Amino acid sequence: MKHLSLGVAAAALAVLTAGSAVAQAPAKPAAAKVEAGPACADCHDEAKIFAANPHTRAYSAAHNGAVGNAVCETCHGDGTKHMEAGGDKSLIKTLHGRTGTDTCQTCHKQSAERSSFWNSVHASSEAVNCLSCHDIHKPGFGQKALLKSDPNKICASCHQDVKASFTAMPNAHRLKDGVMSCVNCHDPHGRTANHAVRQTRAGEPVCVTCHAEKRGPFVYPHVTGVAGSCTSCHRPHGSPYPHQLTRATIANQCLECHSTLSTGTLGSQPPSFHNLSLPRYQNCTTCHTAVHGSQRDPQLLK
Amino acid sequence: MRILRSAFLTAALVATVASGVARAQAIPFDIEVGYRFLSVTGNEEQYRSQVNEREGFLIRSLHIATDQKYAAFPLTDKLRLDAADLGAGGAGFLRLDAGLTGIYRLQFTYRNTQFFSALQGFANPLGVSVGQQTWDRTRNQFNVDLEVLPGKVITPIVGYTSNTLSGPGYTTYHFGQDEFQLSQNLRSNDQELRVGAAFNAGVVSGEVIQGWRKYHETEDLTLAPFGGSGNNTTPVLGQNVTAKTLTRSSLTDVNVPVTSAFVRAFALPNLQISGFYVRSNAVGDDGTKEAASGSFASFAISRFFTGYSANPNTSANSLSWRAGGRAEWHVMSGVDVMAGYTERDQTWDNQALLAELYTGTSTFTGFSQADFQSLISTQTNIERKEKQLDVQASMRNLGPFGIRLGYSKIDQDLTVVEDPAEIVVPGNQGGGVRRSINRYEGAVTFSMHGFNFMGEASYDDANAAITRVDYLTRDRERLRVTYKMGDWLTIGGNALWLNQKNDNAGPNSAYKATSKNYTADLTINPTKAIRLRGAYGKLKADSSIPVRAPQDFTTFTSVNAEDGELMDFGAGFTFKEFSLDGFWSRFDNTGSYLFRMYRGGARGEWNASAHAGVAVEWTVDRYLDTTLSSQSYRADRLGVYLKWRP
């Protein structure tokens, strides 16, 4: 009940805030005048195709249909002197590196629960910044979100070790097919904690977004979400072993936790009839098929 | 049948898209459609378990993108559709992003993945030709999100997700002191409907979403042909254990309402404060009917028996909430400080009523007995609490340098109340565990004249472990160095070191795990028409931990070792209307499991005109399993595709 009331309170706050904002919404600016002088597009091809860019659409929608130089000047500053000087590059703001990021963040500055345009790990330096991945002038068949190229290629340009794992390992998620990309599991605008791995809205590991049958809740749960996570046993970036497991043999995989050699940890010892010298017992999941959790069997047999 | 179906679907999609484009000729449109041939030598089941690209008709790629309004599509001024590998499979997708500025935005995603698993040497140590745990399943995922009046003060949001997994398989079931192979038919569907609104009132904005998730699963199992003799070749207490019939059907339903609210506000132009609250309450019910006949033994009831029926009914509840807040302060240009706190609580409260009837029972010494009925009522409870505090500062305005420093503290509190029915060997299955982790992290970057250096490190220090492979200390360091000369040359190198250990993992030695990855990469584009790249990597991982053998309680060390060498090359060439791209890679792994993996391919394109062309694509995967040579395979795929760009 306490949580419900908190939820209702949050909703009420949202509605009230929005209502007051409607009441206080500023009057729309007068229609922008049509520029009669030289246009950026006279010299810059990027400006010609920029009319269809999301930035132009957003600017036009917010400024009564204004287009043209005003859109360019939003990021590049007043171009009058630049034009008067015949295109002197020192008289116009060019965006690159961290200064480019600062410009992007004049608008794109809002944070979310686990991500932040202000403080994302990928927005914090001259070496890695917004323009490392995005090309705001990208036209036509360019990638979604004005990315410079395919997201996987962009990520691989720095994370070569991860790319190497996907290339090398026989058992890996299908990134090369395009059905998945790095950003399905990682938020590039995320903060650093836990490698910016996404979660479901309910706070579960992102894995269950696809592997929904592993989600539970189970009457007899195993590791996932309770004592560990999916990565306790699986390697999402690829593994030499089937099912992207972390160990070559199932018995070792299980016994590393299920050995009562430590104090104060969870993981019971298998009974003595599990004779590992017999093939029948070397693969625990031959019998314990419901290893991700069972609705009906305490020993995860079904 | 699958090829015919994929051909039909491919044709239908192409026809639909083509008719749409015909009405709006000017919309940029690019499609590549054709047929992919497949040739596999060696172990096809291993190929399907690892790669699973199939033969058949394929939409290799489809792109439609426009940012203009067309008479034929008056309801959009932005339309983007991307699709790839739809048809023969094993993995394809379609994404649509459409909208009318300031009016609506619609995003739709479809993903199809075909899973196959038949791993003889791994999931079936008994070595029969068909793996005991084998499946051939298809996952279809749809996701649609509609935002109305995006960017306005109030933006209503409606979303729907469906995720269906279905298909046949084989599994095993340990029953009556033997394991029997069962034919399995599984279908699960996970759906979520979401309704909510985002609001943007200038300094205050946020989002409130209410979702209803519903999971439904049916599973039907019957004794597989020839599965009745089981795995156990020796009698149990002098009696052969065999199954004549074995069936099980189960129905699982889970309902989960999820409420989330997020609010952010700019208290000052340079100070952003945000808060969130999420609550979900999963309620699951499961009903199962199971029956078996044959000759079985049960140590639990100390009897032989010839028949069995059971109707377990169970329910699982999981109530979770998390809440937190964060402040981000833009101190001055290039200097930021932020701090956040999150608290999370999840409680599982589960019950099961297991009613079992054993018929035709006799004692282990041969005396006939009446039917035996057992009724087990179990109740399990788990509570997990977590608190996380993090503080971070970044300075990105130090000339060519950027610095980031952070500290976080996570407190975990786990209480597991197990039921006596769960306990086979007493110990380590329940109780309370508390773990506290301190993490210190930092990063430094340097950038000048095309030279980039990025280094990051984190050091974790925990006071306890929840499972034996949880670390007590963990160090992670990563370096990336690149030099870029214009658009024609890039040289890069990566190094990653990871060390973690737990000194309390065993009586004689600790749990240790290390990982060392080194990669170097080179990209040369001497002209716009020629593209060359190469990479070399060493991937090394080692871990060890003492474990206890169940049969005699002796201690031995579980060791995992990987030592891999990767070479990866690519080249591309464009001349007028022709282009050719190729790649080749080799990965050689030694250590606990020896194998070598070759991957290669080439793609040639001839753009006969601005509107049409032909593409030929060849890819090969060659897996040489040194440990278990019967697992090796070579798979060649050759695709011939027509390109059309009206």
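Residues numbered from 1 in each chain as written. Chains lettered and ligands numbered in written order. Predicted model: local features only at pLDDT ≥ 70, side-chain atom pairs only at ≥ 80, totals over all residues.

1. What to know about the overall build of chain A
And step 1. Check the secondary structure of chain A and you find 11 helices and 2 strands.
And step 2. Along chain A, from the amino end to the carboxyl end, the secondary structure elements read α-α-α-α-α-α-α-α-α-α-β-α-β.
And step 3. By the burial criterion, 41% of the 302 residues in chain A qualify as buried.
And step 4. The contacts in chain A between residues at least 6 apart in sequence include a share of 46% that link residues at least 24 apart. (Helix = DSSP H or I, 4+ residues; strand = E, 2+ residues; numbered from the N terminus. Buried ≥ 20, exposed ≤ 12 C-beta atoms within 10 Å, placed from the backbone. Contact = placed C-beta atoms within 7 Å.)

2. As for the overall build of chain B
And step 1. Secondary structure summary: chain B contains 3 helices and 28 strands in total.
And step 2. Projected onto its principal axes, the C-alpha coordinates of chain B cover approximately 85 × 60 × 50 Å.
And step 3. Counting every position in chain B, which comprises 646 residues, the buried fraction comes to 35%.
And step 4. If you take every contact in chain B between residues at least 6 apart in sequence, the share linking residues at least 24 apart comes to 59%.

3. Considering the interface of chain B and chain A
And step 1. Contacts between chain B and chain A engage 159 residues on the former and 108 residues on the latter.
And step 2. Across the side of chain B that touches chain A, the residue classes break down as 63 nonpolar, 66 polar and 30 charged. (Nonpolar A, V, L, I, M, F, W, Y, C, P; charged D, E, K, R; others polar.)

4. Side note on helix α4 (residues 69-76) of chain A
And step 1. Among the residues making up α4 of chain A, those that are buried are Asn69, Val71 and Cys72 of chain A. End-on view of α4 of chain A: buried residues confined to an arc of 160°, all on one side of the axis. (Arc of directions from axis to C-beta.)

5. Here we look at the environment of Lys148 of chain A
All names here are of chain A.
And step 1. Relative to the helices and strands, Lys148 resides in the loop between α7 (130-133) and α8 (151-158).
And step 2. Expressed as a C-alpha distance, the spacing of Lys148 and Leu131, which sit 17 residues apart in the sequence, is 8.7 Å.
And step 3. Once residues lying within four places of it in the same chain are set aside, the contact partners of Lys148 are Cys133, His134, Asp135 and Ile154.

6. Here's the deal with the pairing of strand β9 (residues 204-223) of chain B
All names here are of chain B.
And step 1. For strand β8 (residues 178-201) and β9, the ladder comprises 20 bridges, and the chain directions are antiparallel. Counted as the bridge partner of Asn189 is His216 from β9.
And step 2. Note: β9 against strand β10 (residues 242-268), 19 bridges, orientation antiparallel. Across the sheet, the residue bridging to Ile209 is Ser260, located in β10. (Pairing = 2+ DSSP bridges.)

7. Some points on the nonpolar core
Residues and elements named next belong to chain B.
And step 1. Ranked by size, the top nonpolar core spans 23 residues in total, and within it Phe199, Ala261, Phe276 and Val278 carry the most contacts.
And step 2. Looking at this core, the elements that each hand over two or more residues are β8, β9, β10 and β11 (271-298).
And step 3. Ranked by the residues each element gives to this core, the list is headed by β10, at 6 residues. (Core = buried A, V, L, I, M, F, W, Y, C linked by C-beta atoms within 7 Å.)

8. Section: the pairing of strand β6 (residues 134-148) of chain B
All names here are of chain B.
And step 1. In this sheet, β6 lies alongside strand β5 (residues 104-118) in antiparallel orientation, the contact comprising 15 bridges. In the strand pairing of β6, Ala118 is matched with Thr134.
And step 2. The pairing of β6 with strand β7 (residues 154-175) spans 12 bridges and is classified as antiparallel. In the sheet register, Glu147 faces β7, and the bridge partner there is Ile157.
And step 3. Count of turn residues in the β6/β7 antiparallel hairpin: 5 residues, of which Leu149 carries a positive phi of about 55°.

9. What about α8 of chain A?
And step 1. If you check which residues of α8 of chain A are buried, you get Pro151, Ile154, Cys155, Ala156 and Cys158 of chain A.
And step 2. On its buried face, α8 of chain A sits against α7, α9 (160-168) and α10 (182-185) of chain A together with β20 (473-485) of chain B.

10. Things to note about the environment of Asp253 of chain B
Residues and elements named next belong to chain B.
And step 1. Examined against the element boundaries, Asp253 turns out to sit in strand β10.
And step 2. Taking the C-alpha atoms as reference, Asp253 lies 20 Å from Gln346; in sequence the two are 93 residues apart.
And step 3. With near-sequence residues (within four places) excluded, Asp253 lies in contact with Tyr215, His216, Gly284 and Asp285.

11. As for the confidence of the model for chain A
And step 1. Per-residue confidence for chain A gives a mean pLDDT of 80; residues scoring 70 or more make up 85%.
And step 2. Within chain A, no element has a lower average pLDDT than helix α1 (residues 2-24) of chain A, which sits at 36, and none a higher one than α10 of chain A, at 93. (pLDDT = per-residue confidence, 0-100.)

12. A word on the environment of Trp606 of chain B
Residues and elements named next belong to chain B.
And step 1. The residue Trp606 is located in strand β26 (residues 595-606) in this model.
And step 2. Its 15 C-beta neighbours within 10 Å are what place Trp606 among the partly exposed residues.
And step 3. Along the sequence, Trp606 and Gly486 sit 120 residues apart, while their C-alpha atoms lie 29 Å from each other.
And step 4. Contacts of Trp606, omitting those with residues within four sequence positions, involve Glu577, Phe578, Gly613 and Val614.

13. Details of the confidence of the model for chain B
And step 1. Per-residue confidence for chain B gives a mean pLDDT of 90; residues scoring 70 or more make up 94%.
And step 2. Here the predicted complex scores 0.90 on pTM and 0.92 on ipTM.

14. Quick word on unusual backbone geometry
And step 1. In the segment running from Gly216 of chain A into Pro217 of chain A, the intervening peptide bond is cis, with an omega of 10°.
And step 2. Tracing the sequence through the fold places Pro217 of chain A in the loop between α10 and β1 (220-221).

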